[in-house]
Amino acid sequence: MELFVFVCAAAMVLAGALGVVLRSNPVHAALSLVLTLFGIAVMFVSQQAEFLAAVQVVVYAGAIVVLFLFVIMLLGVDRAENLKTEPLGIQRPLAIVLSLGFVALLVATILQGRDSLNMRGDGLSTAANGDHDANIRQIARSIFSDYVVAFEVTSVLLIVAVVGTVVLARKRKSDKDITGVSA
Amino acid sequence: MLATIAPTSTWYLILGAVLFGIGMVGVLVRRNPLIMFMSIELMLNAVNLTFVALSTQLTDINGQTAVFFVLVVAAAEVVVGLGIIVAIMRRRSEVSVDDLSALKG
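What comes next is a walk through the structure. For clarity, every value in this text was computed on a predicted model and none was experimentally measured. (Residues numbered from 1 in each chain as written. Chains lettered and ligands numbered in written order. Predicted model: local features only at pLDDT ≥ 70, side-chain atom pairs only at ≥ 80, totals over all residues. Heavy atoms only, no water.)

### Some words on the overall build of chain A
The helix and strand inventory of chain A stands at six helices and zero strands. Put simply, chain A runs from its N terminus to its C terminus through helices and strands in the order α-α-α-α-α-α. Within chain A, buried positions represent 32% of all 183 residues. (Helix = DSSP H or I, 4+ residues; strand = E, 2+ residues; numbered from the N terminus. Buried < 20%, exposed > 50% of the residue type's maximum accessible area, 1.4 Å probe, protein only.)

### Here's the deal with the interface of chain B and chain A
Taken together, the contact between chain B and chain A spans 75 residues of the former and 89 residues of the latter. Summed over both sides, the interface between chain B and chain A buries roughly 7400 Å², with carbon and sulfur atoms accounting for 75% of that surface. Considering only the surface of chain B that becomes buried against chain A, Arg30, Met38 and Arg91 of chain B emerge as the three largest contributors, covering 9% of it. For the pair chain B and chain A, the interface holds zero salt bridges. (Contact = heavy atoms within 4.5 Å. Buried area = accessible area lost by both parts, 1.4 Å probe. Salt bridge = Lys/Arg side-chain N within 4 Å of Asp/Glu carboxyl O.)

### Points about the environment of Gly21 of chain B
Position of Gly21 of chain B among the secondary structure elements: in helix α1 (residues 9–29). Spatially, the C-alpha atom of Gly21 of chain B lies 9.3 Å from that of Leu42 of chain B, the residues being 21 residues apart in sequence.

### Things to note about the packing of helix α3 (residues 50–75) of chain A against helix α3 (residues 62–89) of chain B
For the pair α3 of chain A and α3 of chain B, the least separation of the axes is 11 Å and the interaxial angle reads 5°. Judged by the inter-axis angle, α3 of chain A sits roughly parallel to α3 of chain B. Contacts from Phe51, Leu52, Val55, Gln56, Val59, Tyr60, Ile64, Leu67, Phe68, Val71, Leu74 and Leu75 of chain A of α3 of chain A reach α3 of chain B at Gln64, Val67, Phe68, Leu71, Ala74, Ala75, Val78, Val79, Leu82, Ile85, Val86 and Met89 of chain B. Residue composition of the contact of α3 of chain A with α3 of chain B, by class: 22 nonpolar, two polar and no charged. (Axes fitted to C-alpha atoms, helices over the stretch in contact; angles between N-to-C directions. Parallel < 35°, antiparallel > 145°, perpendicular 65-115°, else oblique. Nonpolar A, V, L, I, M, F, W, Y, C, P; charged D, E, K, R; others polar.)

### A look at helix α4 (residues 91–113) of chain A
A rise of 1.5 Å per residue sets the reference length of α4 of chain A, with its 23 residues, at 33 Å; its end C-alpha atoms lie 33 Å apart and thus fit the reference within 8%. In this structure, the buried side of α4 of chain A is in contact with α1 of chain B. (Expected span 1.5 Å × (residues − 1).)

### Thoughts on the layout of surface pockets
Considering only enclosed or pocket space, the second largest pocket measures out at about 270 Å³ in volume. The wall of the second largest pocket is formed by 14 residues, among which Val21, Leu22 and Ile96 of chain A together with Val25 and Val29 of chain B lie closest to the centre. Listed by contribution, the elements that provide at least two residues to the lining of the second largest pocket are α1 (2–22) and α4 of chain A together with α1 of chain B. Top element by residues in the lining of the second largest pocket is α4 of chain A. It accounts for five residues. For the lining of the second largest pocket, the residue count by class is ten nonpolar, two polar and two charged. (1 Å grid on protein atoms, 1.4 Å probe; cavity = no way out; pocket = protein on both sides within 12 Å on 5 of 7 lines; lining within 4 Å. Points joined across faces, edges and corners; volume = space filled by probe spheres on them.)

### A short note on the side chain of Arg30 of chain B
Position of Arg30 of chain B relative to the elements: it lies in the loop between α1 and α2 (33–58). A residue is classified by how much of its surface remains accessible, and Arg30 of chain B, at 4% relative accessible area, is buried. Side-chain polar atoms of Arg30 of chain B contact the backbone oxygen of Val21 of chain A, separated by 2.6 Å. Leave out the neighbours within four places in its chain, and Arg30 of chain B touches Val20, Val21, Leu22, Arg23, Ser24, Glu81 and Leu83 of chain A together with Val25, Ile35 and Met36 of chain B. (Polar contact = N/O pair within 3.5 Å; in protein donor to acceptor, adjacent residues only side chain to side chain.)

### Some remarks on unusual backbone geometry
Residue and element names in this part refer to chain A. One non-glycine residue, Gln48, lies in the positive phi region at around 60°. The residue Gln48 is located in the loop between α2 (26–46) and α3 in this model. With relative accessibility at 32%, the residue Gln48 sits in the partly exposed group.

### Brief notes about the packing of helix α5 (residues 134–146) of chain A against α3 of chain B
Interhelical geometry of α5 of chain A versus α3 of chain B gives an angle of 75° and a closest axis separation of 9 Å. Taken as axis vectors, α5 of chain A and α3 of chain B run roughly perpendicular relative to one another. In this structure, α5 of chain A contributes Asn135, Ile139, Ser142 and Ile143 of chain A to the contact, and α3 of chain B contributes Asn62, Gln64, Thr65 and Phe68 of chain B. Looking at the contact of α5 of chain A with α3 of chain B residue by residue, the classes come out as three nonpolar, five polar and no charged.

And the structure:
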C-alpha cells in the first residue's frame, strides 16, 4: 500500500515537473506545477507530516500558483511560445548534461550515506498512536520555543515583501520605457 | 511480493534529487521568466521533500520546522519576483529574459 502511494505520488511529481519544463504554454506549465505540488503533499502525508501537507496545498496550490496565473493573465502571455528556436546552440545540451551530472552526484551521495542515517532526534509524535494532532502540536512547540526569533523575523519579511511589491508594481506617472523608447 | 516492499527514505531523497535536477534544467533552458520562477519552485519543493524525508528518518521535528520557514520565504520570494516581472514586462511585449540583458536605467 505504501509502495502504491509512493509510486503514484512520484509519477504525479515527475509528470508535473516535466510538464513545467517542457510545456510551451505558461498556463499549462502552471497547471503542471499544481500536479507536482499535490504529489509532494501526498508524500508529506505518507511521511506523517500532515500539517505541512495542508500548508503545502493552501500556500502553494492555493496562493502561489494562483498568483502565477494572475500574472500570466495580467501580462497577456497566455499563448504558446516557440521552443524550437534557441539563440545559443550549446546551452540546451550543456544544461542537460550539467543537471544530469548534478543529479548523479546527489544520488551517489545519498546511496553512499544512507547507512549513516540512524535515528538520533528526540522522536516524532505521529497520529499513528491515536493522538490526532500530535504532529501540529510538536511543530508548534518547536516554532514557538526554539525558533520564535526566526518566526518573528518571518513576519517582518512578509511585511517588507508586501510593501516592496506594492512599490514595485505601482504605476508611476514618470514611467519610461527602459529602452528609452516610449511605449 | 510487492506489498512487502516499503519505500524507505532513500527513495524520497532520490526523488527529491531528480526533481531538483528537472527544476535546474528548467532554470537553465527556459527563457520565459515566469517558467524560470516555476522551476525555482520545483527546486524548493525538492528541498522540502528532502527535509521531510530526513525529518522522518532521523525522527527529528526540526526538519519539518525548516520546511515551514522555506514555505514562508518561498511565498515572499514569489510575491517580490512577480512584482518585478510585472513592473518590467508592463513596458515590453516580448517575454524573454534575453531582452533584459542590458540593465540600463
